[in-house]
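Below, each chain spelled out in residue letters.
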Amino acid sequence: MGEKPKRLHIGLTGSILIALGLGLLCGVIFHYLVPAGTVRDDVFVNGIFYVVGQGFIRLMQMLVVPLVFCSIVCGASSIGDTKTLGTIGLKTLAFYLCTTALAVTVALSIGNLINPGRGVDMSSMVASDTSTLSGSANTDVSFTDTLLNIIPKNPIQALASGDMLAIIFFALFVGIILSTMGRKVEVVHRFFEQFNDIMMKMTSMVMYVAPIGVFCLLARTFANIGFDAFLPMVKYMLGVLLALAVQCLVVYMVLLTVFARINPMKFLKKFVSVMMFAFSTATSNATIPLNIETLEKKMGVDRRISSFTIPLGATINMDGTSIMQGVAVVFTAQLFGVQLGPVEYATVIATATLASIGTAGVPSVGLITLSMVFNSVGLPLEGIALIMGIDRILDMTRTAVNITGDAVCTTIVAKRAGRMDTDVFNDPDAGRELDDVKAA
Ligand code: ASP
């Protein structure tokens, strides 16, 4: 029997990249070579490209509220395990939240340094209706009211109007109570877990049509403004990569030195294979086993700690994702001429930190929860159109940072609690077998 001809397998990442290139090319051709008129403007740019592109954005918006709600309820319900670990669990939680808030701050600073969206005015392209998700998007509200609005007067109304901070508050409450009530509320617990699975499935289905959405969104953007859109996109990408590098190579290294008193370069060297795994899968969840194994075998971190803190981190601690969101906020605000003041920046830090809790550790979810960060300060969702095309590469990179953040916090907490064997950490050959397994 003759050999079957091999089919070229492109995969989602490849398809999105191809769609990105084709959308860009098509838009540029429309902008420079096709004369303006009904066919170009009404049929294509403001017809097909607009409807399909916006349809895709709406599909993503549709996921936000149920996805974030379920993910937080499920994430918070696992916090109940802190009882068994006592203060270690709470310390880890505090570290996770602080490093994420720090990550957003780094991102906002680098965004304002690089100014990725300066020089291009896209305000005329605002079309999406953000009102359905803008419960907390009133930029005139004072800081005290913004804080107060986190507590919903009516949780159902908060869910219906997409008031994200209030939703997160309520979801955290439900999750924590679920965990404390244990078996008595098993059915409800299972319901949320299964609903969460449904949302995950729906997300991957929506992502399946992402190449078409990306093509139309980019074609329309470039048809409208030509090559002017190119530079901001590249600057945004570099901004995110730079902020991720700062978080990983400066913030984490300083934290390890100060709080764990270990050699951060040694840590990085031993951990790089886990980062590469996360990079290639863009999935924190899939990296959990390797992360725990590496921390134990190569660093000497007590498994009883990491087996709790690493899965928790993969669910609620997404420093890399919140970095992307911080730079995206600055980028979009500049593109669309939206002024952000200290109150808005504080809101972004709070929302992105909480969005990190609601971001599941699977590919592309950070892009979905980004719309809730945008809505919290009234930014148009059109900004996501440009970002989406190049998101896959950034997703891979930020996932590597996400799981590094989990490992750094775990190491610090373990070391301070006397649950880390420094002899293992200092042994350059410790855990070699892990690399052999991977290479085999
Ligand atoms: N892919 C990321 C992770 O799994 C989540 C995201 O930012 O989309 O950690």
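Looking up the protein chain in an unreviewed UniProt entry gives the name Dicarboxylate/amino acid:cation symporter, with the organism given as Senegalimassilia anaerobia. If you open the UniProt record of the protein chain and go to Subcellular location (unreviewed entry), you find "Cell membrane".

A. Molecular detail of the packing of helix α14 (residues 319-335) against helix α16 (residues 365-376). In the contact formed by α14 and α16, the axes pass within 10 Å of each other and the chain directions differ by 50°. It follows from the interaxial angle that α14 and α16 lie oblique. Our pair here, α14 against α16, has a crossing hand that is right-handed. Note on element contacts: α16 touches α14 through Gly366, Leu367, Thr369, Leu370, Val373 and Phe374, opposite Thr321, Met324, Gln325, Ala328, Val329 and Thr332.

B. Representation of the pattern of salt bridges. Counted under the stated rule, the structure contains 8 salt bridges. Of the charged contacts, one joins arginine 40 and aspartate 41 as a salt bridge, the two residues approaching to 2.9 Å between their closest N and O atoms. Residue arginine 303 is joined to glutamate 293 by a salt bridge in which the shortest nitrogen-to-oxygen separation is 2.8 Å. Note that arginine 303 is positioned in helix α13 (residues 303-316) and glutamate 293 in helix α12 (residues 284-297), a separation of 10 residues in sequence.

C. Inspection of the environment of serine 204 at higher detail. Note that serine 204 resides in helix α8 (residues 186-208). A relative accessible area of 42% means that serine 204 is categorised as partly exposed. Taking the C-alpha atoms as reference, serine 204 lies 9.2 Å from valine 362; in sequence the two are 158 residues apart.

D. Quick look at the site of the ligand. Lining the immediate surroundings of the ligand are 17 residues, of which Ser284, Thr321, Gly366, Asp395 and Arg398 lie closest. The contact in question runs from a nitrogen atom of the ligand to an N or O atom on the side chain of aspartate 395, over 2.7 Å. The side chain of threonine 399 places a nitrogen or oxygen atom 3.1 Å from a nitrogen atom of the ligand. Out of a free accessible area of 270 Å², the ligand has 100% covered by protein chains. Elements with a contribution of two residues or more to the shell around the ligand: α16 and α18 (391-416).

E. How the structure looks around the packing of aromatic side chains. Scanning the model with the defined rule gives 12 aromatic pairs in all. A centroid spacing of 5.4 Å and a plane angle of 70° characterise the contact between phenylalanine 191 and phenylalanine 192, whose relative ring orientation is edge-to-face. Against the face of phenylalanine 425 rests lysine 270, its NZ or CZ located 5.8 Å from the ring centre.

F. Just the environment of isoleucine 393, in detail. Within the fold, isoleucine 393 resides in helix α18. Beyond its immediate chain neighbours, meaning those up to four positions away, isoleucine 393 contacts Leu17 and Met237.

G. Just the environment of arginine 118, in detail. For arginine 118, the position within the fold is in the loop between α4 (87-114) and α5 (143-148). Its relative accessible area of 55% is what places arginine 118 among the exposed residues. Taking the C-alpha atoms as reference points, arginine 118 and leucine 231, separated by 113 residues in sequence, lie 9.9 Å from one another.

H. Quick look at unusual backbone geometry. Positive phi is not limited to glycine here, since asparagine 115 has a value of about 50°. Turning to its location among the elements, asparagine 115 is positioned in the loop between α4 and α5. Overall, asparagine 115 belongs to the buried group, its relative accessible area being 18%. Of note, arginine 261 is a non-glycine position whose phi angle comes to about 50°, a positive value. With respect to the helices, strands and loops of the structure, arginine 261 is situated in the loop between α10 (230-260) and α11 (264-281).

I. Broad picture of a nonpolar patch on the surface. Taken together, the side chains of Ile18, Leu22, Leu25, Ile29, Tyr32, Leu33, Phe227, Phe230, Val234, Leu238 and Leu241 define a hydrophobic patch exposed on the protein surface, amounting to about 1,000 Å² of accessible area. In terms of residues, the nonpolar patch owes the most to one element, helix α1 (residues 11-32), which gives 5 residues. Mapped onto the fold, valine 234 is located in helix α10.

J. Spatial organisation of the nonpolar core. Grouped together as the largest cluster of nonpolar side chains are 126 residues, with contacts concentrated most on Met60, Tyr236, Phe267, Phe374 and Leu386. Setting aside residues up to four positions removed in sequence, phenylalanine 374 forms contacts with Ala328, Val329, Thr332, Leu379, Pro380, Leu381, Gly383, Ile384 and Ile387.

K. Spatial organisation of the state of the cysteines. For the structure on display, the rule yields 0 disulfides. There is no disulfide at cysteine 216, and the cysteine sulfur nearest it, in cysteine 26, is 8.5 Å away. Given a relative accessible area of 5%, cysteine 216 falls into the buried group. Cysteine 409 takes part in no disulfide bond, and the closest cysteine sulfur, belonging to cysteine 98, lies 8.9 Å away.

About the thresholds
Residues numbered from 1 in each chain as written. Predicted model: local features only at pLDDT ≥ 70, side-chain atom pairs only at ≥ 80, totals over all residues. Heavy atoms only, no water. UniProt positions renumbered as here; feature names shortened; annotations may be inferred. Axes fitted to C-alpha atoms, helices over the stretch in contact; angles between N-to-C directions. Helix = DSSP H or I, 4+ residues; strand = E, 2+ residues; numbered from the N terminus. Parallel < 35°, antiparallel > 145°, perpendicular 65-115°, else oblique. Left-handed = near helix turned anticlockwise from the far one by under 90°. Contact = heavy atoms within 4.5 Å. Salt bridge = Lys/Arg side-chain N within 4 Å of Asp/Glu carboxyl O. Buried < 20%, exposed > 50% of the residue type's maximum accessible area, 1.4 Å probe, protein only. Near = heavy atom within 4 Å. Polar contact = N/O pair within 3.5 Å; in protein donor to acceptor, adjacent residues only side chain to side chain. Areas by Shrake-Rupley, 256 points an atom, 1.4 Å probe, with all protein chains shown as cover. Phe/Tyr/Trp six-rings, centres within 6.5 Å; stacked < 30°, edge-to-face > 60°. Lys NZ or Arg CZ within 6 Å of the ring centre and 35° of its normal. Patch = residues over 30% accessible without salt bridge, like charges linked within 9 Å, V, L, I, M, F, W, Y side chains within 5 Å. Core = buried A, V, L, I, M, F, W, Y, C linked by side-chain atoms within 4.5 Å. Disulfide = S-S within 2.5 Å.

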